[in-house]
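What the coordinates show
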Amino acid sequence: NVPQIRFLLKKNPGILSVKEKVGAANKTALEVRSKLFPDISGLFQYSWLYISNNNFVRSLLPALEESNFLYNLVFDFNYEIDLFGKNQKRYQASLGAAKASLLEYEQAKVILSTSIAQCYTNIVAMQAKKIVLEKMLSQKEKYVELIKLRKENKLNSDIEENTFKQKVKSINEGIKTIEKEIILEKSLINIFVGRSPEEKVETSPVHKVLDRKLGLPKDVSSSLLMHRADLLSSFWITKKYANDVGVAIRNFLPDITVADIPTLLSGSASEFFTSESFINNLSGFWGFG
């Protein structure tokens, strides 16, 4: 049952850990992507300054009053100009890591679902074999009873009876071995889906399983390799490493940053949003890092 397998896969601890890894890789990619945009922040300050008459500041700034108010509104725009594409390369590398993690997650689901299907097939095959052995056992036991009956009438030898008793014993041992293997395979399925090993596993008779047709493609060619998650994961990991090399090369080039800090500063609320309270500081920085 494909929908049931998909539901059970969500409970597997290994699958859940790989899924968490995918989420962490996506968050890292978003953090790196933020470097492509300017940082914008704002700060508003309202201050009250009291200066006593005997304070030395009064002698330095006699125009100040005893009680002063200060209104201050600051905006900070900070942008690193990605002139040489270093941040873009870094983002492409983190994006490659995120896509590789996603494909590893898909590959893990394929491996796990294939293992479950293999265990299920083994269970169905062993159950069919067990049915055949039980029928053989029933026939051998009846034949042994017949031999005993004939022996009572002096029609059989001890050798023939012992031979068939040994065959009955061998079939019984084979049935017990198959039963142990079935229990083991069912335990594996439960472990794969994150359940207790003793949970019940429902199976269909072998004739019903064989009646189901598999959805295979009409044309099987090498183009199907393009859809293999493990190969695509390796492709994105290779691209990540190539972009990491690009970032390392660009570290030898300077970083250029532009910062603009427009500010409104006034000691009076009526003049706070006028041109007389406007201050602006535009700066440029460059350096190696």
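As a starting point, this report considers the structure included with it.

Cut-off values and rules
Along every chain, residues carry numbers that run from 1 in the direction the sequence is written. Given that the model is predicted, a residue must reach a pLDDT of at least 70 before its local features are reported, and side-chain atom pairs must reach 80 or more before they are shown or counted; all residues, however, enter totals for whole chains, interfaces and linings. Only hydrogens and water are set aside when side-chain values are computed; all heavy atoms of the structure are taken into account. The pairing test for Phe, Tyr and Trp rings, Trp by its six-membered ring, is centres within 6.5 Å, and the orientation test on the planes gives stacked under 30 degrees, edge-to-face over 60, and tilted for anything in between. We count a stretch as a helix when DSSP gives it H or I for four or more residues in a row; a strand needs E for two or more, and each element gets its number in order from the N terminus. Each residue is placed in one exposure class: buried if its accessible area under a 1.4 Å probe, protein chains only, is under 20% of its type's maximum, exposed if it is over 50%, and partly exposed if it falls in between. Contacts are assigned to residue pairs with any non-hydrogen atoms lying within 4.5 Å of each other. Each pair of strands is called paired provided DSSP finds at least two bridges between the two strands. Only the stretch in contact is used when a helix axis is fitted, and all axes are lines through C-alpha atoms; the angle between N-to-C directions ranges over 0 to 180 degrees. Any angle that falls under 35 degrees is termed roughly parallel, while one over 145 is termed roughly antiparallel, one within 65 to 115 roughly perpendicular, and all others oblique. By convention the crossing between two helices is left-handed if the near helix lies anticlockwise of the far one by an angle smaller than a right angle, and right-handed if it lies clockwise. All residues other than Ala, Val, Leu, Ile, Met, Phe, Trp, Tyr, Cys, Pro, Asp, Glu, Lys and Arg, Gly among them, are scored as polar; the first ten of these are nonpolar and the last four charged. Cavity and pocket criteria rest on a 1 Å grid covering protein atoms alone: a 1.4 Å probe that fits but cannot get out defines a cavity, protein on both sides within 12 Å along at least 5 of 7 lines defines an open pocket, and an atom within 4 Å of a point defines a lining residue. Grid points are joined across faces, edges and corners, and a volume is the space filled by probe spheres set on the points. Patch construction takes residues with relative accessible area above 30% that form no salt bridge. Like charges are linked within 9 Å, and nonpolar side chains (Val, Leu, Ile, Met, Phe, Trp, Tyr) are linked within 5 Å. In this description, accessible areas are obtained by the Shrake-Rupley approach with a 1.4 Å probe, and a residue is regarded as covered only by the protein chains that are shown. Salt bridges are defined as contacts in which a side-chain nitrogen from Lys or Arg sits within 4 Å of a carboxyl oxygen from Asp or Glu. The span expected for a helix works out to 1.5 Å for each residue beyond the first. The arc in question is traced by the directions running from the helix axis to the C-beta atoms.

1. So, the packing of aromatic side chains
According to the stated counting rule, one finds seven aromatic pairs in the structure shown. Measuring from centroid to centroid gives 6.1 Å for F44 and F272, while their planes differ by 75°, and the two rings are edge-to-face. With a gap of 228 residues between them, F44 in strand β1 (residues 39-50) and F272 in the loop between β3 (255-266) and β4 (278-287) connect regions that are remote in the sequence. By relative accessible area, F272 is classed as buried at 5%. When the ring of Y71 is compared with that of F272, the centres are 5.8 Å apart and the planes differ by 50°; the resulting orientation is tilted. Here Y71 is found in strand β2 (residues 67-81), whereas its partner F272 is found in the loop between β3 and β4, with 201 residues between them in sequence. Residue Y71 is classed as buried on the basis of its relative accessible area, which comes to 17%. Taken together, F44, Y46, F69, Y71, F272 and F273 form an aromatic cluster joined through their ring pairs.

2. With respect to the environment of I189
Counting through the fold element by element, I189 comes out in helix α5 (residues 158-192). Residues I189 and I116 lie 73 residues apart in sequence; the distance between their C-alpha atoms is 5.7 Å. When sequence neighbours within four positions are dropped, the list of residues in contact with I189 reads I116, C119, Y120, I123 and V201.

3. Structural notes on the sheet that holds β1
In space, the four strands of this open sheet follow the order β1-β2-β3-β4, with antiparallel pairing throughout. The open sheet has two edge strands, β1 and β4, and neither has a second partner. Shown here is a sheet whose adjacent strand axes are inclined to one another by a mean of 15°, direction ignored. As paired elements, β1 and β2 share 12 bridges and run antiparallel to each other. Along β2, the bridge assignment pairs L43 with V74.

4. Overview of the side chain of T263
Tracing the sequence through the fold places T263 in strand β3. Judged by relative accessible area, which is 12%, T263 ranks as buried. When sequence neighbours within four positions are dropped, the list of residues in contact with T263 reads N72, L73, V74, S277, F278 and I279.

5. Points about the packing of helix α2 (residues 13-33) against helix α4 (residues 86-152)
Packing of α2 against α4 leaves a shortest axis separation of 8 Å and a crossing angle of 165°. Here α2 lies roughly antiparallel to α4, going by the angle between them. Crossing hand, α2 versus α4: left-handed. Tallied by class, the residues present in the contact of α2 with α4 amount to 14 nonpolar, three polar and six charged.

6. A word on empty space enclosed by the protein
Per the counting criterion, the structure on display carries one cavity of 30 Å³ or more. Roughly 80 Å³ of volume is contained in the largest cavity. As for the largest cavity, its lining consists of 13 residues, of which I81, D82, F84, P254 and D255 are closest to the centre. Among the elements of the structure, β2, α4 and β3 are those that each provide at least two residues to the lining of the largest cavity.

7. Here we look at a nonpolar patch on the surface
Residues Y79, I81, L83, F84, L253, V258 and L282 make up a contiguous nonpolar surface patch of about 580 Å² in total accessible area. Relative to the helices and strands, L253 resides in the loop between α7 (229-250) and β3.

8. Observations concerning α7
Its 22 residues give α7 an end-to-end C-alpha distance of 32 Å, which sits within 8% of 32 Å, the value for a rise of 1.5 Å per residue. Turning to α7, its buried residues are A229, S233, W236, K240, N243, G246 and V247. Here the buried residues of α7 occupy an arc of 135° about the axis, which is enough to place them on one side. Within α7, the exposed residues directed more than 90 degrees away from the buried face are T238, Y241 and I249. Those residues of α7 that are buried lie in contact with α4.

9. As for the side chain of N243
As for its position among the elements, N243 is in helix α7. The residues touching N243, leaving out its near neighbours within four places in the chain, are K89, Q92 and A93.

10. Considering the packing of α4 against α7
Put simply, α4 and α7 touch, their axes get as near as 8 Å, and they point 160° apart. Between α4 and α7, the angle is such that the two are roughly antiparallel. Viewed along their axes, α4 and α7 form a crossing whose handedness is left-handed.

In short, geometric facts, not functional conclusions.
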